[in-house]
Amino acid sequence: MKFEDMQVIWDSQKDQKMFALDHDALHRTLIKKTRCIELGVTANELGMIAICLFVAAEQLRDPLFDQVNHYKIFGGAVMVCVAIWMLLKRVARIRKERGFDDSLCGDLDRSISHVEYNIALARSFQWWFLVPALIIVVVKLYFGDPEGRMFSIATMTGASILAMSVVHLGLRCSQIPQKRDLESLRLKLTTEQ
């Protein structure tokens, strides 16, 4: 909220200056913030779908083109399933988003819904992405090249720790404070009315 969005008015009863919100300016600011949040959510969804499809293609390359390492078909199928799941979550989010009206409170609720969706995805990241990735690594360790096992274990461990750290950092530094700010604004607007 910018100070330009506030108007100075004179309270003649108390003979003092008061400040009032310019609801149109606040709504325009909120629409911009909502678009920014939605863009981040969309980038997150599409990025994860692209990563899953890339890993699936990498897993399926050897069995389909070279007719070797047929156990990798399992990993490709798992990652395609994760990509489909993410696509279904995206469709459900977009459908839910259409239920909000185009008002200040509706746009505020839409923004809060986007942030809550992002927080829920981040908090369940280990279940919908890391566990399937771990299953793929376990299958590779069981059926795959015995010489590369230690490298696979080290890579998966490092990647998992890095991924969880990045997700946790995003939650703590961005998404949770964003939700708190939006809910605080909603509280102020509803108590004002």
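The structure displayed is predicted, hence computed values, not measured ones.

Caption draft 1: Seen up close, helix H1 (residues 23–66). A rise of 1.5 Å per residue sets the reference length of H1, with its 44 residues, at 64 Å; its end C-alpha atoms lie 63 Å apart and thus fit the reference within 8%. Along H1, the largest kink reaches about 40 degrees and is centred on leucine 60; proline proline 63 follows within four residues of it. Following H1 by one or two positions, glutamine 67 adopts a phi angle in the positive range, close to 55 degrees.

Caption draft 2: Local environment of helix H2 (residues 72–97). Look at H2: 38 Å from first C-alpha to last across 26 residues, which is about the 38 Å you get at 1.5 Å a residue. Lys72, Gly75, Gly76, Val78, Met79, Val82, Ala83, Met86, Arg90, Arg93 and Glu97 are the residues of H2 that are buried. Residues of H2 that are buried make contact with H1, helix H3 (104–123) and helix H4 (125–143).

Caption draft 3: View of the side chain of glutamate 45. Structurally, glutamate 45 can be placed in helix H1. One polar contact links glutamate 45 to tyrosine 117, side chain to side chain, over a distance of 2.7 Å. With sequence-adjacent residues up to four places away left out, glutamate 45 is seen in contact with Met86, Arg90, Arg93 and Tyr117.

Caption draft 4: Spotlight on the environment of arginine 98. By the secondary structure assignment, arginine 98 is in the loop between H2 and H3. Assessed through its relative accessible area of 66%, arginine 98 is described here as exposed. Through-space distance from the C-alpha of arginine 98 to that of arginine 110 is 9.0 Å; in sequence the pair is 12 residues apart.

Caption draft 5: Spatial organisation of the confidence of the model for the chain. Looking at the chain as a whole, its pLDDT mean stands at 84, while 88% of the residues score no less than 70. Ranking the helices and strands of the chain by mean pLDDT puts H2 first, with 94, and strand E1 (residues 6–11) last, with 44. Per-residue pLDDT stays below 50 along residues 1–12; that stretch engages in 27 contacts with residues further than four places along the chain or on separate chains.

Caption draft 6: Quick peek at a nonpolar patch on the surface. A cluster of nonpolar side chains, Leu53, Val80, Ile84 and Leu88, forms an exposed patch at the surface whose accessible area comes to about 340 Å². The dominant element in the nonpolar patch, judged by the number of residues it contributes, is H2, at 3 residues. By secondary structure assignment, the location of leucine 88 is in helix H2. Of the residues examined, leucine 88 reaches a relative accessible area of 57% and is grouped as exposed.

Caption draft 7: Region of the structure containing unusual backbone geometry. The backbone phi angle of glutamine 67 is positive, close to 55 degrees, even though this residue is not glycine. Glutamine 67 gets classed as exposed once you look at its relative accessible area, which sits at 52%. The phi torsion at asparagine 69 lies on the positive side, around 50 degrees, for a residue other than glycine.

Caption draft 8: Region of interest: the packing of aromatic side chains. Applying the stated criterion to the full structure yields 6 aromatic pairs. Relative to phenylalanine 129, the ring of phenylalanine 125 has its centre 5.5 Å away and its plane inclined at 20 degrees; by these criteria the two rings are stacked. Taken as a pair, phenylalanine 125 and phenylalanine 129 lie in helix H4 at a separation of 4 residues, close to a single helical turn. Note on accessibility: phenylalanine 125 and phenylalanine 129 belong to one class, buried. Feature note: the residues Trp85, Phe125, Trp128 and Phe129 constitute an aromatic cluster, connected by ring pairs. The ring of tyrosine 117 carries the charged tip of arginine 93 above its face, separated from the ring centre by 5.8 Å.

Caption draft 9: A look at the pattern of salt bridges. Tallied over the full model, the rule gives 10 salt bridges. The residue arginine 110 makes a salt bridge to aspartate 107 at a minimum N-O spacing of 2.4 Å. Taken together, the residues arginine 110 and aspartate 107, both in helix H3 and 3 residues apart, mark about one turn of the helix. Among the ionic pairs, lysine 179 bridges to glutamate 183, the shortest N-O distance being 3.8 Å. Residue lysine 179 and its partner glutamate 183 are located together in helix H5 (residues 149–192), separated by 4 residues, close to a single helical turn.

Parameters and conventions
Within every chain, residues take consecutive numbers counted from 1 along the sequence as written. With pLDDT at 70 or above as the cut-off, local features in this predicted model cover only qualifying residues; side-chain atom pairs require 80 or more to be listed or tallied, and sums for whole chains, interfaces and linings still use all residues. The side-chain quantities take in all heavy atoms of the structure and omit both hydrogens and water. In this text, helices come from DSSP runs of H or I with a minimum length of four residues, and strands from runs of E with a minimum of two, each type numbered from the N-terminal end. Each helix should span, by expectation, one fewer than its residue count multiplied by 1.5 Å. Bend is the name given here to the angle between axes fitted to two runs of seven residues, the run ending at a residue and the run starting at it. The rule is simple: take the accessible area with a 1.4 Å probe, protein chains only, and divide by the maximum for that residue type; under 20% is buried, over 50% is exposed, in between is partly exposed. Throughout, a residue-residue contact means that at least one pair of heavy atoms, one from each residue, lies within 4.5 Å. Identification of polar contacts relies on pairs of N or O atoms within 3.5 Å, with a donor-acceptor requirement for protein atoms, meaning one able to donate a hydrogen and the other able to accept it, and with residues adjacent in sequence counted only if both atoms are side-chain atoms. The quantity known as pLDDT measures the predictor's confidence residue by residue, on a range of 0 to 100. Patches in this entry comprise residues that are over 30% relatively accessible and not in a salt bridge; like charges within 9 Å are linked, as are nonpolar side chains (Val, Leu, Ile, Met, Phe, Trp, Tyr) within 5 Å. Per-residue and other accessible areas were derived by the Shrake-Rupley procedure at a 1.4 Å probe size, with only the shown protein chains allowed to occlude residues. A pair is scored as a salt bridge if a Lys or Arg side-chain nitrogen falls within 4 Å of a carboxyl oxygen belonging to Asp or Glu. Ring geometry is summarised as follows: Phe, Tyr and Trp rings, the Trp one being its six-membered ring, pair when their centres sit within 6.5 Å, and such pairs are stacked at plane angles under 30 degrees, edge-to-face over 60 and tilted between the two. Ring-over charges, as used throughout, are those where CZ of Arg or NZ of Lys falls within 6 Å of the ring centre and within 35 degrees of the ring normal.

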